[in-house]
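So the chains spell out like this:
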Amino acid sequence: MPVVSSLKMLIASAALALAVIPAQAEEASALDGEWTVDLRLSLDDEAYTQPLVLVVSDKGAVSGAFYGSLIEVGRFGKAQGRQCIAFRTSDGSGNYQHSACLVENKMIGQSWSEGRGFVLPWTATRK
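Residues numbered from 1 in each chain as written. Predicted model: local features only at pLDDT ≥ 70, side-chain atom pairs only at ≥ 80, totals over all residues. Heavy atoms only, no water.

Considerations on the nonpolar core
Stated formally: Definition used in this section: a nonpolar core is a set of buried Ala, Val, Leu, Ile, Met, Phe, Trp, Tyr and Cys residues joined via side-chain atoms within 4.5 Å. Each residue gets one of three labels from its accessible area relative to the maximum for its type: buried under 20%, exposed over 50%, partly exposed in between, using a 1.4 Å probe on protein chains only. When checking whether two residues touch, look at their non-hydrogen atoms; a contact exists if any pair is within 4.5 Å.
Ranked by size, the top nonpolar core spans 19 residues in total, and within it Leu31, Trp35, Leu52, Leu54, Ile85 and Met107 carry the most contacts. With residues near it in sequence (within four places) discarded, methionine 107 still touches Leu31, Trp35, Leu52, Leu54, Ile85, Ala100, Cys101, Leu102, Trp122, Thr123 and Ala124.

Notes on the pattern of salt bridges
Heads up, the rule is: What counts as a salt bridge is simple: a side-chain nitrogen of Lys or Arg found within 4 Å of a carboxyl oxygen of Asp or Glu. Numbering of helices and strands runs from the N terminus; a helix is a DSSP stretch of H or I covering at least four residues, while a strand is a stretch of E covering at least two.
In this structure the tally under the stated criterion is three salt bridges. Close ionic contact of lysine 127 with glutamate 34 constitutes a salt bridge, the shortest N to O distance being 3.7 Å. Taken together, the positions of lysine 127 in the segment after strand S9 (118-126) and glutamate 34 in strand S1 (residues 33-38) put the pair 93 residues apart, joining distant regions of the chain. Its relative accessible area of 68% is what places lysine 127 among the exposed residues. Between arginine 88 and glutamate 72 there is a salt bridge; the shortest N-O distance is 2.9 Å.

Brief notes about the state of the cysteines
Selection rule: The disulfide definition used here is simple: a pair of cysteine sulfur atoms within 2.5 Å.
What the rule picks out here adds up to one disulfide. Between the sulfur of cysteine 84 and that of cysteine 101 lies a disulfide, 1.9 Å long from S to S. Handedness of the cysteine 84-cysteine 101 disulfide follows from its S-S torsion of about 100°: it is right-handed. A residue pair is termed long-range when its members are at least 10 positions apart, and cysteine 84 in strand S6 (residues 82-91) and cysteine 101 in strand S7 (residues 94-103) qualify at 17 residues. You can call cysteine 84 buried: its relative accessible area is 17%.

Here's the deal with the sheet that holds strand S2 (residues 49-56)
Rule in force here: In this analysis, strands are considered paired if DSSP registers two or more bridges between them.
Taken together, nine strands build an open sheet; the order of strands is S4-S3-S2-S1-S9-S8-S7-S6-S5 and the sheet is antiparallel. Bordering the open sheet on either side are strand S4 (69-70) and strand S5 (73-79), each of which pairs with just one other strand. Strand direction decides the pairing type here: S1 and S9, joined by four bridges, are antiparallel. What sits directly across from threonine 36, in S9, is threonine 125.

Side note on the layout of surface pockets
Think of a ball as big as a water molecule: rolled over the atoms, this probe shows where empty space is left. To keep things clear, this is the line we draw: Lining residues are defined by having an atom within 4 Å of a point belonging to a cavity or pocket. Those points lie on a 1 Å grid over the protein atoms alone, cavities being sets where a 1.4 Å probe fits but cannot get out and pockets being open sets with protein on both sides within 12 Å along at least five of seven lines. Grid points are joined across faces, edges and corners, and a volume is the space filled by probe spheres set on the points.
Roughly 280 Å³ of internal volume is contained in the largest pocket. As for the largest pocket, its lining consists of 14 residues, of which Leu39, Tyr67, Tyr96, Arg116 and Phe118 are closest to the centre. At the level of secondary structure, the elements contributing two or more residues to the lining of the largest pocket comprise S6, S7 and S9. A per-element tally of the lining of the largest pocket places S6 first, with three residues.

See the structure below:
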């Protein structure tokens, strides 16, 4: 691999590692707490909700629980004026990848079930 490409990759990796700087730590804490996730396929369907509990560290690590599973690994990031999280949970069917961004005091997110082969968009409000 050419040296220039290697340097570009190293710079990009460093930028990602520094994604949460102290000024952003306060913003990350805006996602802390208890949320109610609306998992309906259609907004016309009967309500189907699950709890989400988030703890965002000052270094950007995300922990907590979602849908009865502990968050195994997660991260906070901010770009383009959005505060976002991504995290993984699992159950007997395999891993679930989740991500969401805070938009007007509501989280807009999606979950991908690797084992069950679906992506489900969802929204969440503060409990």
